[in-house]
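If you want the building blocks of each chain, they are given just below.
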Amino acid sequence: MLEEKLTSLSPLSLTTMHFTTPDYVIFALLLVASTCIGLFYALSGGRQRTTQEFLLADRSMSCLPVSLSLLATFQSAVAILGAPSEIYTYGTQYWFLGVSYFLGLLIPAHVFIPVFYRLRLTSAYEYLELRFNKTVRIMGTVTFIFQMVIYMGVVLYAPALALNAVTGFDLWGAVLAMGLVCTLYTTLGGLKAVIWTDVFQTIVMFAGQLAVIIVGAHQAGGMGEVWRKAMNGSRIASLDLNPDPTERHTFWTLGVGGVFLMLALYGVNQAQVQRYLSSRTEREAVMSCYVVFPCQQVVLCLGCLMGLVMFARYGEEISSCLQMVLYFVMDVFRDLPGLPGLFVACLFSGALSTISSAFNSLATVTMEDLIKPYCPAMTEAKATLLSKGLALAYGLVCLAMAYIASLMGSVLQAAFSIFGMVGGPLLGLFCLGMFFPWANSTGAIVGLVAGLAMAFWIGIGNFVSRMAVPTPLLPIINATTMPLHGNMTTAVMTTLITSITYLCFPLSRPTGVQALYNLSYLWYSAHNSTTVVIVGLIVSLLTGPMKEKDLTPGTVYPVLGNLLFFLPERYREKLCCVTPLSHKVALRSIQ
């Protein structure tokens, strides 16, 4: 019966699922423009002849491009497709994620940025050696590389797969076009090229989403009618104050758990820290965080409005999934040549901005943390050339990971989960060092290992327990109207869909360890970072806490000293919590 209803929806017929010449032209222009920006910065200025220029844009960037690049870095194609699908299926509860943006950006602006910027770092993980020791630094670096390499391939492959499923657009042609163009402009133009292409791609993302919303809302009878249909369809959610951490989306999971997710992304992730460090002044770096806040709210609103317009057009007749957003776009723009190409350019802009940031940040941490400390005599010219070679190498690794993702099907769910699972322990490691002066290197190492073990235990346990329960998906459209190419593509797409919706609707209320496995994904970062801090503090106290005189000036943010301001200074000194951030910091490089 459902298949008959879906087949009868004429807008979703196969005849509308194709690209026209204007669409291909607009998509090609995106790739050409991104390449030209890279070539411009390869041939202008200092021509990327120093590591400072290639990796940190000569610390010369102003607030606006840095803020738009911060926004674009984690606004991936998966997010552009996932948010509307989420709203279409479950309603506007997801919109409350915007509450977490306030603290999630305010804390990095006034805590993490001052510490990182005043230490004049290149890699965020240099901080870990200044605060603890070289072993902690290497562990942090290797953990970050593992996180980003796995995530890169999925970010590249997912939008290409969704596009191929809807339009028949050549799958590997799209993957290779994105991967090679991204590798080219990142390798040639360095961080300046990455930031300015992010600016261009952010504009394309906004334009593509706005076009869909405006045309779709007009066809549905206006935004007033869209809102009315959403209300009648119970898609406008009220404030859900349920404190249960296994509930997928409530105010607490979104507004509080989301803060930790934002801190992991905007506070300590190398891709974002590198942008802060490329700013001309500390004030410009702080202002970039403030500018990102309204931009993030706009991005969230656009994604949510797209979902509501989708619901107003189709009601509850279609089982939503990742590629449903592309079906909707092709349907809305079927009589408007060029606009489907604009949205696909928007989609691939999200992928390009995320991947290029990953290439650049991976090249930076590999160079600064794993090569330079062991090759102190390396010349600047050789270091710069090697940095470019690393960016190129990571580009090829990304293509290889995309190919692996195409073969491994259900591992896509694990790949998405790993990004969240690893981010929390890294956040905990930095918080341990920055906020707790008595934490020592032994506590940091044991805490990080415990946090990662907890993260993988919960993440893998969640994945395995859900795979053990059959979760049948409703057919999206029947086989005559859905151009899927082969059983493997179908299997991978099905897995991708379930990974976006996180499979968070168990058949019965979980208990015991199963309840831990069903923890909302938004609590992963908070839970895992807290594990690192608690274990790290206990081990530090048992093995001999760090003394204030042994701390490198400027590596501790005196949060405890500020919170315990009412205590006499001698007691605060005993608690080792009065190290002021304003101490003169030695501008030294780590050998």
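Please read these numbers as outputs of a predicted model, since none were measured by experiment.

Undergrad: Hey, could you run me through the pattern of salt bridges in this one?
TA: Applying the stated criterion to the full structure yields nine salt bridges. Residue arginine 334 is joined to aspartate 331 by a salt bridge in which the shortest nitrogen-to-oxygen separation is 2.5 Å. Taken together, the salt bridges that share partners define one network made up of Glu129, Arg137 and Asp369.

Undergrad: Please explain the packing of helix α4 (residues 63–73) against helix α9 (residues 171–220) as it appears in this structure.
TA: Two quantities define a packed helix pair, namely the angle between the axes and the distance from one axis to the other. Running from amino to carboxyl end, α4 crosses α9 at an angle of 65°, the nearest separation of the two axes being 8 Å. Regarding α4 and α9, the two cross each other, and that crossing is left-handed. Taking contact as the criterion, the partners of Pro65, Val66, Leu68, Ser69, Leu71, Ala72 and Thr73 in α4 are, on α9, Ile195, Trp196, Asp198, Val199, Thr202, Met205 and Phe206. By residue class, the composition of the contact of α4 with α9 is ten nonpolar, three polar and one charged.

Undergrad: I'm lost on unusual backbone geometry in this one. Help?
TA: Peptide bonds are mostly trans, and most non-glycine residues show a negative phi. At alanine 57, a position not held by glycine, the phi torsion is positive, near 55°. On the basis of relative accessibility, which here comes to 0%, the residue alanine 57 falls in the buried class. Positive phi, normally seen in glycine, also occurs at serine 234, with a value near 60°. Within the secondary structure, serine 234 sits in the loop between α10 (223–232) and α11 (251–266).

Undergrad: Even after reading the chapter, I still don't get the packing of helix α2 (residues 21–43) against helix α15 (residues 339–371), so can you show me in this structure?
TA: The N-to-C vectors of α2 and α15 enclose an angle of 30°; their axes lie 7 Å apart at closest approach. Between α2 and α15, the angle falls in the class roughly parallel. Remark: the crossing between α2 and α15 carries right-handed chirality. Touching Asp23, Ile26, Phe27, Leu30, Leu31 and Ser34 of α2 are Leu339, Pro340, Gly341, Leu342, Val344, Ala345, Phe348, Ser349 and Leu352, all from α15. Considering only residue class, the contact of α2 with α15 consists of eleven nonpolar, three polar and one charged.

Undergrad: Sorry if this is basic, but what is going on with empty space enclosed by the protein here?
TA: Summary: where empty space remains is shown by rolling a probe the size of a single water molecule over the atoms. Taken as a whole and assessed by the stated rule, the structure comprises three cavities of 30 Å³ or more. If you add up the space inside the second largest cavity, you get close to 100 Å³. Around the second largest cavity, the lining is made up of 14 residues, and of these Gln147, Ala264, Leu265, Asn269 and Gly423 lie nearest the centre. Contributing elements (two or more residues each) for the lining of the second largest cavity: α8 (134–167), α11 and α17 (411–435). Among the elements that take part in the lining of the second largest cavity, α17 stands out by supplying five residues, more than any other. Of the residues belonging to the lining of the second largest cavity, the class tally is eight nonpolar, six polar and no charged.

Reading guide: rules and limits
- Residues numbered from 1 in each chain as written.
- Predicted model: local features only at pLDDT ≥ 70, side-chain atom pairs only at ≥ 80, totals over all residues.
- Heavy atoms only, no water.
- Salt bridge = Lys/Arg side-chain N within 4 Å of Asp/Glu carboxyl O.
- Axes fitted to C-alpha atoms, helices over the stretch in contact; angles between N-to-C directions.
- Helix = DSSP H or I, 4+ residues; strand = E, 2+ residues; numbered from the N terminus.
- Left-handed = near helix turned anticlockwise from the far one by under 90°.
- Contact = heavy atoms within 4.5 Å.
- Nonpolar A, V, L, I, M, F, W, Y, C, P; charged D, E, K, R; others polar.
- Buried < 20%, exposed > 50% of the residue type's maximum accessible area, 1.4 Å probe, protein only.
- Parallel < 35°, antiparallel > 145°, perpendicular 65-115°, else oblique.
- 1 Å grid on protein atoms, 1.4 Å probe; cavity = no way out; pocket = protein on both sides within 12 Å on 5 of 7 lines; lining within 4 Å.
- Points joined across faces, edges and corners; volume = space filled by probe spheres on them.

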